Amino acid sequence: MKITTTDSMIQFEYDEAMLQVIQAALGNLKDQSRQVLKNAVNATAKQAKRDLAKKAQTTYAVKGTRFPKAMQTQNATTAKPTATINVTGEQLELKDFKVSPATYKTGSAKPDILKAKVKLSSSMKPLEAGSKAFLVKFQSGHVSVAQRKTDSRFPLKKLLSNSIPKMVGNEEEVYGVVEPHIYSNLLDNIMKQIERTLKK
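Calculation criteria
Residues numbered from 1 in each chain as written. Predicted model: local features only at pLDDT ≥ 70, side-chain atom pairs only at ≥ 80, totals over all residues. Heavy atoms only, no water. Axes fitted to C-alpha atoms, helices over the stretch in contact; angles between N-to-C directions. Helix = DSSP H or I, 4+ residues; strand = E, 2+ residues; numbered from the N terminus. Parallel < 35°, antiparallel > 145°, perpendicular 65-115°, else oblique. Left-handed = near helix turned anticlockwise from the far one by under 90°. Contact = heavy atoms within 4.5 Å. Nonpolar A, V, L, I, M, F, W, Y, C, P; charged D, E, K, R; others polar. Buried < 20%, exposed > 50% of the residue type's maximum accessible area, 1.4 Å probe, protein only. Pairing = 2+ DSSP bridges. Expected span 1.5 Å × (residues − 1).

Caption draft 1: Structural context of the packing of helix H2 (residues 33–57) against helix H5 (residues 175–199). Where H2 meets H5, the axes come as close as 8 Å, and the angle between the chain directions of the two elements is 150 degrees. Here H2 lies roughly antiparallel to H5, going by the angle between them. By crossing handedness, the relation of H2 to H5 is classed as right-handed. Along the contact surface, H2 presents Val 36, Leu 37, Asn 39, Ala 40, Val 41, Ala 43, Thr 44, Gln 47, Ala 48, Asp 51, Leu 52 and Lys 55, while H5 presents Tyr 175, Val 177, Val 178, Ile 182, Asn 185, Leu 186, Asn 189, Ile 190, Gln 193, Ile 194 and Thr 197. In terms of residue class, the contact of H2 with H5 is made up of 14 nonpolar, 7 polar and 2 charged.

So this is what it looks like as structure tokens:
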């Protein structure tokens, strides 16, 4: 099994050697080998999607259920037993992460310093680099963390952080941690499918 990754895609590709191993294990039922491989690959992709989303959620201070919603699985078929997890999404606003205070306030209630963090393991840090960061509420009601581009009141620049594909594809803390389990899950799923087929 070959796993190909980019920032926006994780693909599980089969190889002929694995198919031959399944055929040997099935014996007289070797004509069902592609069905076995398809089911095993799809089960593995489903587990990988769940595990990647869970790991990303426990690594980054992103609100809500953005990770599983941004990941879509294209299932394998008997003709092409390759599954793909597509991860989509533009850069998130800093406001989508942990910001304190998180509520937009005006006048004397407006904070002097805004703090934020992108990773759950990090401490809240003041946003003091360059122009002062602050919460702004647009006419639409949307609240963002912004800075002024010049000394004038306008224009404003929304502060952005990582995209979901970038976070899920993090080799050190998300994908790189989950990847070893993908291979072991695939082998387990192949054995389960072989046993299920032989029992029929």
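Caption draft 2: Broad picture of unusual backbone geometry. In this chain, Ser 100 is followed by Pro 101 through a cis amide linkage whose omega measures -5 degrees. Mapped onto the secondary structure, Pro 101 falls in the loop between strand E6 (98–100) and strand E7 (115–117). Between Phe 154 and Pro 155 the backbone carries a cis peptide bond, its omega angle lying at 5 degrees. Looking at the element boundaries, Pro 155 is found in the loop between strand E10 (143–148) and strand E11 (156–158).

Caption draft 3: Region of interest: the pairing of strand E4 (residues 83–87). Most of E4 sits out of view: 4 of its 5 residues are buried. Pairing geometry for strand E2 (residues 9–13) and E4, over 4 bridges, is antiparallel. Paired with Met 9 across the bridge in E4 is Asn 86.

Caption draft 4: Spatial organisation of the sheet that holds E11. With antiparallel pairing, 3 strands are arranged side by side in an open sheet as E9-E10-E11. The sheet is open, and its two edges are formed by strand E9 (134–137) and E11, each paired on a single side. Averaged over all pairs of adjacent strands, the angle between their axes in this sheet comes to 55 degrees, without regard to strand direction. In terms of strand pairing, E9 meets E10 through 4 bridges, oriented antiparallel. Among the inter-strand pairings, Lys 137 is bridged to a residue of E10, identified as Val 143.

Caption draft 5: Quick look at H5. If you check H5, its first and last C-alpha atoms are 35 Å apart, about what 25 residues at 1.5 Å a residue would give, namely 36 Å. Looking at H5, one finds that the buried residues are Tyr 175, Val 178, Ile 182, Asn 185, Leu 186, Asn 189, Ile 190, Gln 193, Ile 194 and Thr 197. If you follow the buried residues of H5, they end up packed against strand E1 (2–5), E2, helix H1 (16–26), H2 and helix H4 (164–168).

Caption draft 6: Highlighting the pairing of E10. Of all the 6 residues making up E10, 5 are buried; the element is thus mostly covered by neighbouring parts of the structure. The hairpin turn running from E9 into E10, its antiparallel successor, is 5 residues long, and Gly 141 in that turn takes a positive phi close to 95 degrees. For E10 and E11, the ladder comprises 3 bridges, and the chain directions are antiparallel. Residue pairing across strands places Gln 147 opposite Lys 157, the latter belonging to E11.

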